[in-house]
Amino acid sequence: MKYNILIFFLLSLSFYGCKQGNSSEKTSVAITKSDIKTFVLPEIPIMLEMPEQRADYLASHYWDNMIVSPQDTIFSYDSTEIEQAWVNYCSLLNGMSYSDARAKVKEAFEKFGQNKNAFIHFIGLAEKYWYDPNSPMRCEELYIPVLEVIMNSSVLSDAEKIRPQMHLTMAKKNRVGEQAINFNYTLQSGKQGTLYGISTEYILLFINNPGCHACEIVIGQLKDSEVVNKLISEKRLTILALYTDEDLAEWNKHLPDFPEEWINAYDRNQIISNKQLYDLKAIPTLYLLDKNKQVLLKDVDFGTLYDYLISR
């Protein structure tokens with residue numbers, strides 16, 4: 001995770017000019033203006049002069065001034081203000097290592113979990129920003145500790161944990177730093193191969209649907225990328241374009257869209273989808289693996305992939 005010296009938290013503390021939409025979680029109890037509390041950031045000790053120290057302190061104490069007791073029956077903070085505070089919190093964590101950020105998220109959600117209404121409100125924000133495939137802040141590595149706190153929560157029922165459990169199961173599959181799950185693929189000729197049978201330095205797994213607009217955009221980006229084509233020509237990168245659904249007529253129709261230098265294949269028995277080997281909450285999906293099939297990038301956009309490959 002990159003450390004951004006321009007972090008807003010350097011820390012002018014007046015950051016509510018940008019408005020966001022309301023959280024998807026709504027309280028069923030009417031709140032009067034006099035009930036609404038104001039979110040206040042903690043004061044950073046003046047002896048902490050380095051930006052890294054100040055950011056670390058702020059991340060650890062970000063929610064300390066939030067007044068929420070276990071007995072409160074409403075979450076009495078303005079949802080727009082809290083959502084902007086959450087966006088800034090996400091930006092702050094983005095400047096830290098995953099291990100440090102995950103620890104701070106876990107601590108924060110254990111605090112939220114003391115009150116069910118606050119807990120549900122922040123769970124909604126975490127899902128929206130860290131798990132939704134359309135979020136530019138998507139980050140499963142920060143969403144995982146949220147889900148783990150949920151599963152250990154005493155304020156949520158078993159029924160309320162079903163959806164988070166599904167998310168946790170999928171988020172823990174094919175994580176960065178772990179080996180990707182192997183699978184078989186089939187070429188148009190009928191010849192079969194396996195993910196683990198590919199031996200180049202890098203493997204780009206590009207799961208797509210023929211004809212989908214977003215897939216067409218990514219295909220164009222990959223075809224036009226000098227760095228991608230250079231790595232392919234040097235035999236350092238293999239692109240495995242994989243179709244996981246069952247309409248082979250449609251897949252065959254769009255095969256000319258893909259360069260011959262790629263491996264263009266389909267999952268003959270839809271094992272990946274049926275057994276949920278990979279999280280396909282959004283198509284297209286890009287995974288970058290190394291020669292040992294260790295996941296380097298999980299479910300990223302082309303820009304993130306390009307930034308990684310340009311330095312190889």
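Residue numbers restart at each chain and count upward from 1, following the sequence in its written direction. Whole-chain, interface and lining totals are the exception, using all residues; otherwise, since this is a predicted model, local features are given only for residues with pLDDT of at least 70 and side-chain atom pairs are given and counted only at 80 or more. As a rule here, side-chain values cover all heavy atoms of the structure and leave hydrogens and water aside.

**Student:** Please explain the overall build of the chain as it appears in this structure.
**Tutor:** Each helix and strand counted, the chain has 11 helices and 7 strands in total. For the chain, buried positions account for 46% of its 312 residues. In what follows, a contact means two residues having at least one pair of non-hydrogen atoms within 4.5 Å. For the chain, the share of sequence-separated contacts (at least 6 apart) that also reach a separation of at least 24 residues comes to 69%. For every accessible area listed, the method is Shrake-Rupley and the probe measures 1.4 Å; residues are considered covered only by the protein chains on display. A total accessible area of about 15,900 Å² is found for the chain, and carbon and sulfur atoms account for 50% of it. Under the scheme used here, helices are H or I runs from DSSP no shorter than 4 residues and strands are E runs no shorter than 2 residues, and both carry numbers assigned from the N terminus. Relative accessible area decides the class of each residue, using a 1.4 Å probe on protein chains only: under 20% of the type maximum gives buried, over 50% gives exposed, and in between gives partly exposed.

**Student:** Help me understand the environment of Asn152 in this model?
**Tutor:** With respect to the secondary-structure elements, Asn152 resides in the loop between helix H5 (140–151) and helix H6 (162–171). With 39 residues separating them in the primary sequence, Asn152 and Gly113 have C-alpha atoms 9.8 Å apart.

**Student:** Could you clarify how one ought to interpret the pairing of strand E1 (residues 184–187) in this entry?
**Tutor:** When a strand is regular, its side chains alternate between the sheet's two faces. The pairing criterion for strands is at least two bridges between them, as found by DSSP. Two elements, E1 and strand E2 (residues 192–194), share 3 bridges in a ladder whose sense is antiparallel. Paired with Tyr185 across the bridge in E2 is Gly193. Where E1 folds back on E2, the antiparallel hairpin that results is connected by 4 residues, among which Gly190 adopts a positive phi of roughly 100°. Where E1 and strand E5 (residues 263–266) come together, 2 bridges link them in antiparallel fashion. Counted as the bridge partner of Leu187 is Ala265 from E5.

**Student:** What should I look at first to understand the confidence of the model for the chain in this one?
**Tutor:** Detailed reading of the predicted model is not advised wherever pLDDT is low. A score from 0 to 100, pLDDT tells how confident the predictor is in each residue. Confidence in the prediction for the chain averages 90 pLDDT; 89% of positions are at 70 or higher. Low confidence marks residues 2–29, where pLDDT is under 50. Its contacts with residues over four positions away, or in another chain, come to 57 contacts.

**Student:** Looking at this model, I keep getting lost on the packing of helix H2 (residues 79–93) against helix H3 (residues 98–112). Mind explaining?
**Tutor:** Helix packing for two helices is described by the angle between their axes and how far apart those axes are. Taken N-terminus to C-terminus, the directions of H2 and H3 make an angle of 150°; their axes are 10 Å apart at the nearest point. Taken together, the axes of H2 and H3 are roughly antiparallel relative to one another. Where H2 abuts H3, its residues Trp86, Tyr89 and Leu93 lie against Ala101, Lys104, Val105, Ala108 and Phe109. A class-by-class count of the residues in the contact of H2 with H3 yields 7 nonpolar, no polar and 1 charged. Lines fitted to C-alpha atoms define the axes here, with helix axes fitted over just the stretch in contact, and angles between the N-to-C directions of these axes take values from 0 to 180 degrees. Oblique is the label for any angle not covered by the other classes, which are roughly parallel (under 35 degrees), roughly antiparallel (over 145) and roughly perpendicular (65 to 115). Under the convention adopted here, Pro, Cys and the residues Ala, Val, Leu, Ile, Met, Phe, Trp and Tyr are nonpolar, Asp, Glu, Lys and Arg are charged, and Gly plus all remaining residues are polar.

**Student:** Even after reading the chapter, I still don't get the state of the cysteines, so can you show me in this structure?
**Tutor:** Here a disulfide denotes a covalent bond joining the sulfur atom of one cysteine to the sulfur atom of another. Cysteine sulfur atoms that come within 2.5 Å of each other are treated as a disulfide pair. Here the structure, examined in full by the defined rule, presents 1 disulfide. Note on Cys90: no disulfide assigned, nearest cysteine sulfur contributed by Cys139 at a separation of 9.0 Å.

**Student:** Explanation requested: the pairing of strand E3 (residues 202–208) in the structure shown.
**Tutor:** Counting buried positions along E3 yields 7 of 7 residues, so the element is predominantly enclosed. Here E3 shows no split at all, with Tyr202, Leu204, Phe206 and Asn208 on one side and Ile203, Leu205 and Ile207 on the other all buried. Note: E3 against strand E4 (residues 237–243), 7 bridges, orientation parallel. By the bridge assignment, Ile203 is partnered in E4 with Thr238. Judged from the 6 bridges that link them, E3 and strand E6 (residues 285–290) form a sheet pairing that is antiparallel. In the strand pairing of E6, Tyr202 is matched with Asp290.

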